[in-house]
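Chain by chain, the residues run as shown.
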Amino acid sequence: VQLQASGGGMVQAGGSLRLSCAASGRTFSRYGMGWFRQAPGKEREFVAAISWSGGSTNYQDSVKGRFTISRDNAKYTVYLQMNSLKPEDTAVYYCAAELSGQAATIATLYYYWGQGTQVTVSS
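Criteria and thresholds
- Residues numbered from 1 in each chain as written.
- Predicted model: local features only at pLDDT ≥ 70, side-chain atom pairs only at ≥ 80, totals over all residues.
- Heavy atoms only, no water.
- Core = buried A, V, L, I, M, F, W, Y, C linked by side-chain atoms within 4.5 Å.
- Buried < 20%, exposed > 50% of the residue type's maximum accessible area, 1.4 Å probe, protein only.
- Helix = DSSP H or I, 4+ residues; strand = E, 2+ residues; numbered from the N terminus.
- Contact = heavy atoms within 4.5 Å.
- Salt bridge = Lys/Arg side-chain N within 4 Å of Asp/Glu carboxyl O.
- Disulfide = S-S within 2.5 Å.
- Pairing = 2+ DSSP bridges.
- Axes fitted to C-alpha atoms, helices over the stretch in contact; angles between N-to-C directions.

Colleague: Looking at this structure, I do not really get the nonpolar core. What am I missing?
Modeller: For soluble globular proteins, nonpolar side chains are generally found buried alongside one another. Counting 29 residues, the largest nonpolar core has Met33, Trp35, Leu80, Met82 and Tyr93 as the members making the most contacts within it. Listing elements by their share of this core, those giving two or more residues are strand E1 (3-6), strand E3 (17-23), strand E4 (32-38), strand E5 (45-50), strand E7 (67-72), strand E8 (77-82), strand E9 (91-98) and strand E11 (117-122). Those residues in contact with Leu80 that lie beyond four places of it in its chain are Leu17, Arg18, Leu19, Trp35, Val47, Ala48, Phe67, Thr68, Ile69 and Tyr93. If you look at the next biggest cluster of nonpolar residues, it comprises seven residues, including Phe36, Ala96, Ala103 and Tyr110.

Colleague: For this particular structure, what's the right way to read the pattern of salt bridges?
Modeller: One side chain can pair with another of opposite charge once the charged atoms of both are near each other. Under the definition given, this model contains four salt bridges. Between Glu45 and Arg37 there is a salt bridge; the shortest N-O distance is 2.6 Å. Its relative accessible area of 4% is what places Arg37 among the buried residues. Two residues, Asp89 and Arg66, come together in a salt bridge whose shortest N-O distance is 2.8 Å. With Asp89 in the loop between E8 and E9 and Arg66 in the loop between strand E6 (57-59) and E7, the pair connects residues that are 23 residues apart, well separated along the chain. Across this residue pair, the class does not change: Asp89 and Arg66 are buried. Residues joined by salt bridges that share partners form a network here, namely Arg37, Glu45, Arg66 and Asp89.

Colleague: Looking at this structure, how should I read the state of the cysteines?
Modeller: One way to say it: the disulfide is the covalent bond shared by the sulfur atoms of two cysteines. Throughout the structure, instances matching the rule amount to one disulfide. Through a disulfide, Cys21 is tied to Cys95; the S-S separation comes to 2.1 Å. Residues Cys21 and Cys95 are joined through a disulfide that is right-handed, its torsion about the S-S bond being 60 degrees. Placement of Cys21 in strand E3 and of Cys95 in strand E9 is noted, with a sequence separation of 74 residues between them. Classification of Cys21 as buried rests on a relative accessible area of 0%. Cys95 sits in the buried class, given a relative accessible area of 0%.

Colleague: Please explain the sheet that holds E8 as it appears in this structure.
Modeller: With antiparallel pairing, four strands are arranged side by side in an open sheet as E1-E3-E8-E7. What marks the edges here is a single partner per strand, and that holds for E1 and E7. Here the strands of the sheet are splayed against their neighbours by 15 degrees on average, with no regard to which way each runs. With four bridges connecting them, E1 and E3 associate as antiparallel partners. Within E3, the residue paired with Gln4 across the bridge is Ala22.

What follows is the structure, encoded as structure tokens:
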């Protein structure tokens, strides 16, 4: 499975972006999907995750109420809608696939990773 993240860019604080992650394989609908991010000089951290059916989601506390993860299994794509962006959201955002289908929050549970897309929020 190959994952291609897109949708990053530069936005002012308070703005919005929608990230997309397109998967290459038909097995996409079996996987839990997650978004992680890594800021310069910091470790990669969990942002949001969604189960294979979309029925379960998890979020990092700092993005709850601002970010929404969703998926379209027919299009083999997972999304991250990011609203009310803050400068501290600046990072490279990665999508990842987890084989058991759960909305996992731990990076080591994810098997496939995309290449990352840069999000920069200016104050």
